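Coordinate inspection notes
Now for the letters of each chain:
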Amino acid sequence: IKIYIGIGNIYASEILNQSKINPLKSSGKITKNEIRKIIFYTKKVLNYSIKRGGTTINNFLSIKGVKGTYQKEFNAYNRENQNAKTFHAKGQLLG
């Protein structure tokens, strides 16, 4: 059993983008199908990031002293008001 605690802004942005859920949507209006999408893409995004060594924005290093590379593949995080990079979103990302 894997337990995820404290999804940060980076991963939350990427998960919602891949789930095609507006990040401004009220949590009380999220449907059961959207919850299933969030769970699915949480696993997908976090596992993919782990394979890339995590995310290094400023100074994160693995226990081996290696920087993560997932930040090179952001589709949503820190891309407000820019055109979407992938098919998961169309137009500009919310800012």
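Residues numbered from 1 in each chain as written. Predicted model: local features only at pLDDT ≥ 70, side-chain atom pairs only at ≥ 80, totals over all residues. Heavy atoms only, no water.

Re the nonpolar core
Soluble, globular proteins show a tendency: their nonpolar side chains are buried together. The condition is simple: The nonpolar core is taken to be a set of buried Ala, Val, Leu, Ile, Met, Phe, Trp, Tyr and Cys residues, with the residues joined through side-chain atoms within 4.5 Å. Relative accessibility thresholds used throughout: buried, under 20% of the residue-type maximum; exposed, over 50%; partly exposed, between the two (1.4 Å probe, protein chains only). The numbering of helices and of strands both runs from the N terminus, where a helix is a DSSP run of H or I of at least 4 residues and a strand a run of E of at least 2. The contact definition used throughout considers only heavy atoms, calling two residues in contact when any of these lie within 4.5 Å.
In terms of nonpolar packing, the biggest core is built from eight residues, these being Ile 10, Tyr 11, Ile 15, Tyr 41, Val 45, Leu 46, Tyr 70 and Phe 74. Taken together, the elements giving at least two residues each to this core come down to helix H1 (9-19) and helix H2 (32-51). Here Tyr 70 is in contact with Tyr 11, Glu 14, Val 45, Tyr 48, Ser 49, Arg 52, Gly 54 and Thr 55, once residues within four sequence places are set aside.

Focus on H2
Worth spelling out the cut-off: Given the number of residues in a helix, its expected span is that number minus one, multiplied by 1.5 Å. Within this analysis, the arc is defined by the directions that extend from the helix axis to the C-beta atoms.
Between the first and last C-alpha of H2 there are 29 Å, a value that for 20 residues agrees with the 28 Å anticipated at 1.5 Å per step. Among the residues of H2, those classed as buried are Glu 34, Tyr 41, Thr 42, Val 45, Leu 46 and Ser 49. With its buried residues spanning 130 degrees around the axis, H2 presents them on a single face. In H2, those exposed residues whose orientation departs by more than 90 degrees from the buried face are Lys 32, Arg 36, Ile 50 and Lys 51. Summarising the contacts, the buried residues of H2 are in contact with H1. Count one or two residues on from H2 and you reach Gly 53, which has phi positive near 85 degrees.

Some words on the side chain of Ser 49
Note that Ser 49 resides in helix H2. Setting aside residues no more than four positions away along its own chain, Ser 49 makes contact with Tyr 11, Gly 54, Thr 55 and Tyr 70.

A short note on the packing of aromatic side chains
Inclusion rule: We call Phe, Tyr and Trp rings a pair once their centres come within 6.5 Å, taking the six-membered ring for Trp, and we label the pair stacked below 30 degrees between planes, edge-to-face above 60, and tilted otherwise.
Within the structure shown, the criterion is met by one aromatic pair. Considering the side-chain rings of Phe 40 and Tyr 41, the 4.9 Å spacing of their centres and the 85 degrees angle between planes classify their relative orientation as edge-to-face. Since its relative accessible area comes to 48%, Phe 40 is described here as partly exposed. What makes Tyr 41 buried here is its relative accessible area of 17%.

Nothing here speaks to function; it is all geometry.
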